[in-house]
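# Structural overview for review
So you can see what is in the structure, the chains are spelled out below.
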Amino acid sequence: MKPGAGDDPFADDADAERPNAEGADGREGAEPDESSEPSTASPVDKPSTTIPSSDDRPESETAPAASPGTDGSPTVAELDIPWVLRRSSVKSDRDNVHQFFLRDDTARGERELRSEVERLLGKEVSKLDLREAAYLVAMDHPEEVAATLRSWGYDYLE
Amino acid sequence: MLTYTTYSEAGGVGKTTISANCAVAHARAGYDVLVVDMDPQDGSLSYLLDVDDERATGGADNLVRHMIGRPQGPFADLVRETEHGVDVVPSHNMLERLTELLMKTADLEEDTHPDPDYVYPMHEQLLRVIREADVPSRYDVLVVDPPATAGPHLYNALFATRNLVIPLELSGKGEQSVAGLQDLVDGLEAELGINIGVLAAIPNGVKGTSDQESYLAELEELGFDVPVVVRDRTSLMEGCWRRQCSAFTYVERHRKRKRDYELETLSQFETLAEHLVAQVGLNAPEQPRAEVDA
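About the thresholds
Residues numbered from 1 in each chain as written. Chains lettered and ligands numbered in written order. Predicted model: local features only at pLDDT ≥ 70, side-chain atom pairs only at ≥ 80, totals over all residues. Heavy atoms only, no water. Helix = DSSP H or I, 4+ residues; strand = E, 2+ residues; numbered from the N terminus. Buried < 20%, exposed > 50% of the residue type's maximum accessible area, 1.4 Å probe, protein only. Contact = heavy atoms within 4.5 Å. Areas by Shrake-Rupley, 256 points an atom, 1.4 Å probe, with all protein chains shown as cover. Pairing = 2+ DSSP bridges. Axes fitted to C-alpha atoms, helices over the stretch in contact; angles between N-to-C directions. Left-handed = near helix turned anticlockwise from the far one by under 90°. Nonpolar A, V, L, I, M, F, W, Y, C, P; charged D, E, K, R; others polar. Core = buried A, V, L, I, M, F, W, Y, C linked by side-chain atoms within 4.5 Å. Salt bridge = Lys/Arg side-chain N within 4 Å of Asp/Glu carboxyl O. Phe/Tyr/Trp six-rings, centres within 6.5 Å; stacked < 30°, edge-to-face > 60°.

### Description of the overall build of chain B
- When helices and strands are counted, chain B shows twelve helices and eight strands.
- Looking at the 294 residues of chain B, the share that counts as buried comes to 58%.
- Looking at chain B alone, contacts between residues at least 24 apart form 76% of all its contacts between residues at least 6 apart.
- Summing over all exposed atoms, chain B offers an accessible surface of approximately 11,500 Å²; the carbon and sulfur share of this is 45%.

### Describing the overall build of chain A
- When you go through chain A residue by residue, the secondary structure sums to seven helices and one strand.
- Listing the helices and strands of chain A from first to last along the sequence gives β-α-α-α-α-α-α-α.
- Here chain A holds 158 residues, and 22% of them are scored as buried.
- Considering only residue pairs separated by 6 or more positions, chain A has 45% of its internal contacts joining residues 24 or more positions apart.
- Counting every atom, chain A has about 10,800 Å² of accessible surface; 54% of that belongs to carbon and sulfur.

### Considering the pairing of strand S1 (residues 2-6) of chain B
All names here are of chain B.
- Counting buried positions along S1 yields five of five residues, so the element is predominantly enclosed.
- On S1, burial covers both faces: Leu2, Tyr4 and Thr6 on one face and Thr3 and Thr5 on the other are all buried.
- Bridging between S1 and strand S5 (residues 141-145) involves four bridges; their strand directions are parallel. Its bridge partner lying in S5, Leu2 is registered against Val141.
- The pairing of S1 with strand S6 (residues 163-168) spans two bridges and is parallel. Directly across from Thr5, in S6, lies its bridge partner Leu164.

### Regarding the packing of helix H11 (residues 247-254) of chain B against helix H12 (residues 260-279) of chain B
Residue and element names in this part refer to chain B.
- Packing of H11 against H12 leaves a shortest axis separation of 10 Å and a crossing angle of 145°. Considering the relative orientation of H11 and H12, their crossing is left-handed. Where H11 approaches H12, its residues Ala247, Phe248 and Val251 are matched on the opposing element by Glu262, Leu263, Leu266, Phe269 and Glu270.
- A breakdown of the residues in the contact of H11 with H12 according to their chemical character gives six nonpolar, no polar and two charged.

### Points about the nonpolar core
Residue and element names in this part refer to chain B.
- In terms of nonpolar packing, the biggest core is built from 61 residues, with Leu34, Val36, Met38, Phe75, Leu126 and Leu164 touching the most fellow members.
- Each residue touching Val36, except ones within four places of it in the same chain, is listed here: Leu63, Val89, Leu126, Leu142, Val143, Val144 and Asp145.
- Membership of the second largest hydrophobic core comes to 41 residues, among which are Val88, Val143, Tyr250 and Leu272.

### Re the pattern of salt bridges
Residues and elements named next belong to chain B.
- Evaluation of the coordinates by the stated rule reveals 20 salt bridges over all chains.
- When the shortest N-O distance is used, the salt bridge between Lys104 and Glu100 registers 3.4 Å. Placement of both Lys104 and Glu100 in helix H4 (residues 98-112) is noted, with a separation of four residues, approximately one turn of the helix.
- The class of Lys104 is partly exposed, set by a relative accessible area of 48%.
- With a shortest N-O distance of 2.8 Å, Arg255 and Glu262 are connected by a salt bridge. Each member of the pair, Arg255 as well as Glu262, is classed as buried.

### Considerations on unusual backbone geometry
- Here the phi dihedral of Asp50 of chain B falls at roughly 60°; this positive angle occurs in a residue that is not glycine.
- Looking at the secondary structure, you find Asp50 of chain B in the loop between helix H2 (45-48) and helix H3 (63-67).

### Focus on the packing of aromatic side chains
All names here are of chain B.
- If you walk through the whole model with that rule in mind, you get two aromatic pairs over all chains.
- Ring geometry for Tyr47 against Trp241: centres 6.1 Å apart, planes inclined by 15°, an arrangement best described as stacked. Highlighted residues: Tyr47 in helix H2 and Trp241 in helix H10 (residues 234-243), separated in sequence by 194 residues.
- Judged by its relative accessible area of 25%, Trp241 is partly exposed.
- When the centroid spacing of 6.5 Å and the interplanar angle of 50° are considered together, the rings of Phe248 and Phe269 count as tilted. Of this pair, Phe248 sits in helix H11 while Phe269 sits in helix H12, placing them 21 residues apart in sequence. Each member of the pair, Phe248 as well as Phe269, is classed as buried.

Structure, rendered in structure tokens:
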């Protein structure tokens, strides 16, 4: 991001039928395969500070701060009824959208994890719930997260 | 062609009113303008310009259907003409599920693609739709108004427009939102292999306190153009939302007495629009279309 104009998204259209002409800097991103390459080091992947840490997240997911009663505090009903029963849709309270860019193996792993968790619970699990639950579990295991990053070669980065 | 996304990490800074009024200012200057409303919230630009009547109609064709490759008709049928001839692709409730629907499409496309390494370009779908609809040859200006959250709406908007216009309030919060936005955009540029420019930062609702003067100085130090500072015009903006129109139309039709300071705000939107046009070297609309330097 810089002051002034960015790329021309339609630069290719004027002089080529196929959108494969390169921009002046040689990295015009019209080629889908190339520009969507998963990147393990993308800042977009980084958890933001808005994700609750293991210290301050609600113990039983019964009283998220995002659903206040009329006076701003959770109502009794909200405290008593578990979130998945109380919410109107799977997106309820999920105002923070964090995009995951996954490598194929990870996406496959997610499918396997989902079936395994579904087997344990004996019911279907939505992908959004699965991902958030998995993320919360990971927050309790920072050492294992670090070990995985090491296995990707993090120790060799500057 | 001039293309930009209006975005601010903080809500309530007048993102939608600035999008709408810039679009109207471009149209009044003679340009053909298309605004794509990607904000699923009820108080979005399509509400302001009074074309959100089909947002909750389940069967209605809408932008999301086009983005996931399941349109129900031509793109041109999505477009609604609003005041001053500004064309708008209205918001639809299906935009709330854009993330989920793009991911489902990605699963399907990748599972069925002959190349096992194929990656579905999830953030390039708006650009694809716009290209396929021949928008660059039909319009001079494209404005995309995404919701104020990071996610596929914003990523698609930036991939399609490559330019940002950042409305913000002059406060600690506003400054933080610019810094946060910088991180996000840097990440996106690397991820998508594109360059994103900031055409302008627009302090909005400014009341002129000394703190705000210093924030303004810091903002200019970041190197962003600040072509206008829009003063606090609460009554004008509330009037626009009540009457569902731009500030131009509100002052023309609904103010019995013209107020100099409101006319000044209108001329600021015109100045801003001219500044944005100049940034990409768009030729004046009188020029033959063939000479327009896209």
